[in-house]
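# An overview of the molecular structure
Residue-level listing of the chains:
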Amino acid sequence: METLAVEIFQPFAQFRNPFTFDYAQSYPLSPKSTVTGMLQNATGRYYDPDISEIQMSIHGLFESTFWNYQSFIVGDIALKYHHNKLKLWNKGYPLYSVNKKSQRSPSYQQELFNGHYYIFLRGDDDIIEEVYDSLRKPMKPLSLGRSEDIIFIRGIHRDFEVIEREVKKNLWMTYPTYIKLSNGKTHFPIRNERFPVYSIPERVIFRNGERIISNKAEIGELTERIPTFQTVIYTGMNQVIFLNDSVKTEIYKLGDGSTFKIPADFGWL
């Protein structure tokens with residue numbers, strides 16, 4: 001098993017929380033499934049389950065949030081001839097027209113501004129090596145979340161000091177991160193239950209009937225999108241987590257002076 005730490009800057013982002021309806025709340029950091037999609041795009045291994053098996057620990061924060069008012073197209077879009085012209089059609093009306101046009105659905109979007117974070121990746125040596133090569137010299141602009149939310153890779157760390165320690169009373173988290181509330185039947189022994197809790201998508205599969213698709217060309221109208229969610233806490237900046245029991249913790253010291261703590265059984269998604 002090999003581990004990488006990818007340092008990223010992202011000017012704008014919106015990681016849609018699907019459990020919000022009156023407005024589009026963003027998760028504070030990218031969920032695992034979003035990072036998996038970015039890695040599949042970078043390596044060209046779309047819908048590849050090997051990429052989904054990579055373990056991740058996501059750390060960082062955005063400088064601020066803001067609200068964006070947007071109008072969304074509802075339903076499917078099709079090409080249709082109208083007055084001898086080929087037009088985009090939606091809900092029985094032209095998508096764009098000077099007269100009547102299809103209805104939009106207005107919504108407020110919570111968006112994130114200037115993100116600075118590190119994504120730790122751990123997995124099979126060959127897969128991690130392929131990811132490293134793809135991120136070091138990407139063949140296309142990479143994004144996290146929406147296609148317009150591009151990222152800039154500031155560094156990829158491979159050589160760092162790792163210390164394993166049994167933390168007994170409290171865990172001081174310098175950088176905000178996600179921590180799983182449970183791993184199987186074992187629960188994270190948190191005592192000060194005051195941190196926000198999110199249900200984040202950990203893995204997404206696309207299925208035609210009983211068969212999981214492995215190629216974009218297989219996606220059709222009947223394709224099902226099936227997400228798997230993980231319940232996590234979001235720690236915030238410079239927070240102390242008081243513990244009811246000891247927790248095995250991995251401490252990573254990078255060459256740029258940054259130090260990250262990952263609870264071994266709960267910090268990897």
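Just above sits the structure.
Residues numbered from 1 in each chain as written. Predicted model: local features only at pLDDT ≥ 70, side-chain atom pairs only at ≥ 80, totals over all residues. Heavy atoms only, no water.

Moving on: the packing of helix α1 (residues 32-43) against helix α3 (residues 125-136). Between two packed helices, both the angle of their axes relative to each other and the distance between the axes serve to describe the pair. Relative orientation of the contacting elements α1 and α3 amounts to 80 degrees, with a least axis distance of 9 Å. Here α1 lies roughly perpendicular to α3, going by the angle between them. Here M38, L39, A42 and T43 of α1 come into contact with α3, specifically with E130, V131, S134 and L135. Among the residues making up the contact of α1 with α3, the classes are represented as five nonpolar, two polar and one charged. (Axes fitted to C-alpha atoms, helices over the stretch in contact; angles between N-to-C directions. Helix = DSSP H or I, 4+ residues; strand = E, 2+ residues; numbered from the N terminus. Parallel < 35°, antiparallel > 145°, perpendicular 65-115°, else oblique. Contact = heavy atoms within 4.5 Å. Nonpolar A, V, L, I, M, F, W, Y, C, P; charged D, E, K, R; others polar.)

Once that is clear, we can look at the sheet that holds strand β3 (residues 78-82). What the three strands build is an open sheet, ordered β3-β4-β5; its pairing is antiparallel. The two strands at the open ends of the sheet, each matched to only one other strand, are β3 and β5 (93-94). Sheet analysis places strand β4 (residues 85-90) next to β5, joined by two bridges and oriented antiparallel. Within β5, the residue paired with W89 across the bridge is P94. (Pairing = 2+ DSSP bridges.)

Position of T20 among the secondary structure elements: in the loop between β1 (2-13) and α1. Separated by 2.8 Å, the side chain of T20 and the backbone oxygen of N17 make a polar contact. Here Y23 takes part through its backbone oxygen, which lies 3.2 Å from a polar atom of the side chain of T20. (Polar contact = N/O pair within 3.5 Å; in protein donor to acceptor, adjacent residues only side chain to side chain.)

Attention now moves to the pairing of strand β18 (residues 259-263). Across five bridges, the pairing between strand β17 (residues 247-253) and β18 is antiparallel. Note that in β18 the partner of K253 across the bridge is T259. Between β17 and β18, which pair antiparallel and follow one another directly, the connecting turn spans five residues, one of which, G257, has a positive phi of 95 degrees.

Taken as a whole and assessed by the stated rule, the structure comprises 19 aromatic pairs. Aromatic pair F12 and F66: ring centres 6.1 Å apart, planes at 85 degrees, arrangement edge-to-face. Taken together, the residues F12 in strand β1 and F66 in strand β2 (residues 55-73) connect sequence positions 54 residues apart. The exposure class of F12 is partly exposed, given its relative accessible area of 39%. Relative accessible area serves as the criterion here: at 28%, F66 is assigned to the partly exposed category. Summarising the aromatic geometry, the rings of F62 and Y117 are spaced 5.6 Å apart at their centres and angled 45 degrees between planes, so their arrangement reads as tilted. Note that F62 is positioned in strand β2 and Y117 in strand β6 (residues 104-123), a separation of 55 residues in sequence. An identical accessibility class is assigned to F62 and Y117; each is buried. The rings of Y118, F120, F160, Y175, Y252, F260 and W268 are connected pair by pair, giving a single aromatic cluster. Its end group placed over the ring of Y132, R158 keeps NZ or CZ at 4.1 Å from the ring centre. Lying across the ring of F195, R194 places its NZ or CZ 4.8 Å from the centre. (Phe/Tyr/Trp six-rings, centres within 6.5 Å; stacked < 30°, edge-to-face > 60°. Buried < 20%, exposed > 50% of the residue type's maximum accessible area, 1.4 Å probe, protein only. Lys NZ or Arg CZ within 6 Å of the ring centre and 35° of its normal.)

All right, on to α3 then. Helix length check: α3 (twelve residues) gives 16 Å between terminal C-alpha atoms against 16 Å at 1.5 Å per residue, within 8%. Taken together, the buried positions of α3 are occupied by I127, I128, V131, Y132, S134 and L135. Check the buried side of α3 and you find it contacts β1, α1, α2 (49-52), β6 and β7 (152-157). For α3, the side-chain oxygen to backbone nitrogen distance between the N-cap and D126 is 3.1 Å, and the N-cap itself is D124. (Expected span 1.5 Å × (residues − 1).)

Here the focus is the pattern of salt bridges. Per the stated rule, a full pass over the model turns up 13 salt bridges. Linking E111 and R146 is a salt bridge whose minimum nitrogen-to-oxygen distance equals 3.2 Å. Here R146 lies in the loop between α3 and β7 and E111 lies in strand β6, a separation of 35 residues in the sequence. Of the two residues examined, E111 and R146, each falls in the buried class. Salt bridges here are not isolated pairs; linked through shared partners, they connect R45, D48, D50 and E130. (Salt bridge = Lys/Arg side-chain N within 4 Å of Asp/Glu carboxyl O.)

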